[in-house]
Every structure is written in C-alpha cells, then in structure tokens.
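Notes for the structure review
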Number of protein chains: 2
Amino acid sequence: MLNCHPPSERRHHSLGASRHILDRVGDKWSLSVIETLCHGPLRFNELKKQVEGISQRMLTLTLRHLERDGLVTRTMFATIPPRVDYALTPLGFKLLKPVSELVEWVRENSAEIEAAQRTFDQQTVTPLP
Amino acid sequence: MLNCHPPSERRHHSLGASRHILDRVGDKWSLSVIETLCHGPLRFNELKKQVEGISQRMLTLTLRHLERDGLVTRTMFATIPPRVDYALTPLGFKLLKPVSELVEWVRENSAEIEAAQRTFDQQTVTPLP
DNA sequence: CTGAATCCATTACGATACTG
DNA sequence: CAGTATCGTAATGGATTCAG
C-alpha cells in the first residue's frame, strides 16, 4: 500500500523495492507478453506472432527480464531444430490480478482521462497568425 | 481486465489505450508525487522537499503529465512571491486504490521475486580464473 | 518561489544481419 | 528455430543556469 499517512508516520521510501516490477508494468512489452502467455506455454516464434509489433530483439530482452523476476520460465528442448517454451510461473499468474485491476480501472476512467488531456492540450495551443 | 481468453475471443489490442496511465505508473517519479499529494495540497517547493531525490526539472515535468491526465490540479496565486498549489483530483485519489494494490502485491511477493533474481544472476556469472 | 532552457549521459527501442 | 551482435535513433533523466 502507498504511504497515505502524515509524514510523521511515514516509512522511508514507500516504493523503491517495488521499482523492478513497476518497471515491467511500465515498459513497452512486458504486459503484452504476460497477457499472451496466460493461455498456456508458447514457443518463441509463436509469441512473436501473437504479440503484434514486437521485434525479435525486444521479445528476447523482455522474456529475459520476466524470467529474471521469476514471472516466466524458459524450457529448452534439445531437438533439431531447437525448441524453447515460455510459460508463466505461478507468480506470473498471480501478478495478473492486480495488474488487470489497474488496466480495468484505466478503461473505466478513460473517458475522463482523455477529456482532461484534450482540455489541457487546448489551453497551451498558440495558433500561428 | 487483461484479455486472458483464447485468441478467437480476443479483442484487438488489450492495452494500447491504457498506455498513457501505465507510463505514469512506470516512470520514475509519478507514483511518489501522487503518494505525497494524497495528504492534501502542497506547494512546489514543499513537494520537492518531500519527494526525496527529485530534481526541479523532473518535478515540473511529472506534475505537467499528471495535470494533463487529470490526476492533479495546479492552482496559481497571483502573489509576490508567486505561489502554486498542487492537489490530487478525485480521479487522482481513485487511482490510488488499484495502484496501491499493485504495490502491495509486489511487497507481499518481494521475497520470491528477489530470490528468483539471485538465482538468475548466479546462473550466468562466469568468474574469471 | 516557480519554472523554463540548455547540455549531457544513459537507457530503451527498432532494423538489420549473422549463427548454432 | 531461437537467438546474438551491431548500429542508429529516440526517449528519459540529472545538473546547471537563467528568468518573471
């Protein structure tokens, strides 16, 4: 929970340790990859097809980060051609709940957010004469 | 909610419209600023003192983004010296709930996450002879 | 006091080519 | 098939200086 308490009762840095996961939430591809994997394991190229727009490089990097944080497992099969399966860990599945609720919240409030953005953008527009 | 359904039932881009807010969640300062403002309005320099480590530039930029998204209001007083109050909007307050639950989730699972990171990091370490 | 402007370092990302 | 390597570009953030 965020430290919504007066400064006297506040602990040092309320976030900080959570940064790594928040970075995953904020980066361009992690949530899409997690979402795609929630139906079951997928191979690298299947993932690449289903996460539209992602490059090979970014898929590799994103999967490495998710694997490092314990959200995704990587399973290699010593076949020819090689085959690698990626799957959500139980931890990865559990993350879906709070993340989904956040995304859901944004959806429910997107009209208000976009209205605010339009208002803000119009204020500072200085049309040329 | 994230599209955890088979591809046949899946809507085009599950995220996409939510990117803007997810970017706020993911960036370095937005959540700290929101957290600091949840006790009540603050002036620019009070915010700068309480959000430790933030530079003047990043505080300005962060506040502009939050204001644009309708999460924060900016109130100027035409006094000398000038005074500007920043406060959470009702929308900003409401965002605290899903965000807090996400941060809470990370806290509850930080041990497991950090253990995964240590394991991952040790795998690829190749100590020099 | 509030904040805009500038400069710089680091990182994120994308496109392409190459490899076991 | 599943990557790695390399390159170039854009975005992000920090430090410092200037201004109303």
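Residues numbered from 1 in each chain as written. Chains lettered and ligands numbered in written order. Predicted model: local features only at pLDDT ≥ 70, side-chain atom pairs only at ≥ 80, totals over all residues. Heavy atoms only, no water.

For chain A, an unreviewed UniProt entry supplies the name Winged helix-turn-helix transcriptional regulator and the organism Mycoplana ramosa.

1. Describing the protein's contact with DNA strand D
Surrounding DNA strand D, one finds 19 residues, the nearest of these being N45, R74 and Y86 of chain A together with K28 and R57 of chain B. Protein-adjacent atoms of DNA strand D, using a 4 Å cutoff, are sugar or phosphate at a proportion of 59%. N45 of chain A is positioned with one of its backbone polar atoms (N or O) 2.9 Å from a phosphate oxygen of DNA strand D. The set of elements that each furnish at least two residues to the surface near DNA strand D consists of α3 (44–50), α4 (56–68) and β3 (83–88) of chain A together with α4 (56–68) of chain B. Ranked by the residues each element gives to the surface near DNA strand D, the list is headed by α4 of chain A, at 4 residues. (Near = heavy atom within 4 Å. Polar contact = N/O pair within 3.5 Å; in protein donor to acceptor, adjacent residues only side chain to side chain. Helix = DSSP H or I, 4+ residues; strand = E, 2+ residues; numbered from the N terminus.)

2. Structural notes on the confidence of the model for chain A
Averaged over every residue, the pLDDT of chain A is 88; the share at 70 or more is 85%. When the criterion is pLDDT under 50, residues 6–13 of chain A qualifies, and its contacts beyond four places in sequence or with other chains add up to 8 contacts. (pLDDT = per-residue confidence, 0-100. Contact = heavy atoms within 4.5 Å.)

3. A short note on the relation of the copies chain B and chain A
With an RMSD of 0.1 Å, chain B superimposes on chain A once it is rotated by 180° and translated 0.0 Å along the axis. The superposition of one copy onto the other is thereby described by a two-fold rotation axis. Minimal C-alpha separation from the rotation axis in chain B is found for G26 of chain B, amounting to 1.8 Å. Mapped onto chain A, 100% of the interface residues of chain B are again interface residues, and the two copies thus contact each other with one and the same surface. (Least-squares fit on C-alpha atoms with pLDDT ≥ 70 in both.)

4. Focus on the interface of chain B and chain A
At the junction of the two partners, chain B supplies 54 residues and chain A supplies 54 residues. Considering only the side of chain B, the residues that lose the most area to chain A are L2, R68 and W105 of chain B, jointly responsible for 13% of the buried surface there. The interface formed by chain B and chain A includes 2 salt bridges. Between D121 of chain A and R68 of chain B there is a salt bridge; the shortest N-O distance is 2.5 Å. Counting across the chain B and chain A interface gives 12 residue pairs in polar contact (both at pLDDT 80 or more). (Buried area = accessible area lost by both parts, 1.4 Å probe. Salt bridge = Lys/Arg side-chain N within 4 Å of Asp/Glu carboxyl O.)

5. As for the protein's contact with DNA strand C
Around DNA strand C, the surrounding shell holds 18 residues, and the nearest of these are K28 and R57 of chain A together with N45, R74 and Y86 of chain B. By atom count, sugar and phosphate contribute 63% of the portion of DNA strand C lying within 4 Å of the protein. One of the side-chain nitrogen or oxygen atoms of R64 of chain B is found 3.5 Å away from a phosphate oxygen of DNA strand C. Contacts to DNA strand C include Y86 of chain B, whose side-chain N or O atom sits 2.7 Å from a phosphate oxygen. When residues of the surface near DNA strand C are traced back to their parent elements, those giving at least two are α4 of chain A together with α3 (44–50), α4 and β3 (83–88) of chain B. The greatest single-element share of the surface near DNA strand C, amounting to 4 residues, is contributed by α4 of chain B.

6. Notes on a negative patch on the surface
A cluster of like negative charges, contributed by E101, E104 and E108 of chain A together with E101, E104 and E108 of chain B, occupies part of the molecular surface. Positionally, E101 of chain A belongs in helix α5 (residues 90–123). With relative accessibility at 32%, the residue E101 of chain A sits in the partly exposed group. (Patch = residues over 30% accessible without salt bridge, like charges linked within 9 Å, V, L, I, M, F, W, Y side chains within 5 Å. Areas by Shrake-Rupley, 256 points an atom, 1.4 Å probe, with all protein chains shown as cover. Lys, Arg positive; Asp, Glu negative; His and termini not counted. Charge placed at Lys NZ, Arg CZ, Asp CG, Glu CD. Buried < 20%, exposed > 50% of the residue type's maximum accessible area, 1.4 Å probe, protein only.)

7. Describing the pairing of β3 of chain A
All names here are of chain A. Of all the 6 residues making up β3, 5 are buried; the element is thus mostly covered by neighbouring parts of the structure. Here strand β1 (residues 42–43) pairs with β3 via 2 bridges, running antiparallel. Across the sheet, L42 pairs through a bridge with Y86, a residue of β3. Pairing geometry for strand β2 (residues 72–77) and β3, over 6 bridges, is antiparallel. By the bridge assignment, M76 is partnered in β3 with V84. From the end of β2 to the start of β3, which pair antiparallel, there are 5 residues. (Pairing = 2+ DSSP bridges.)

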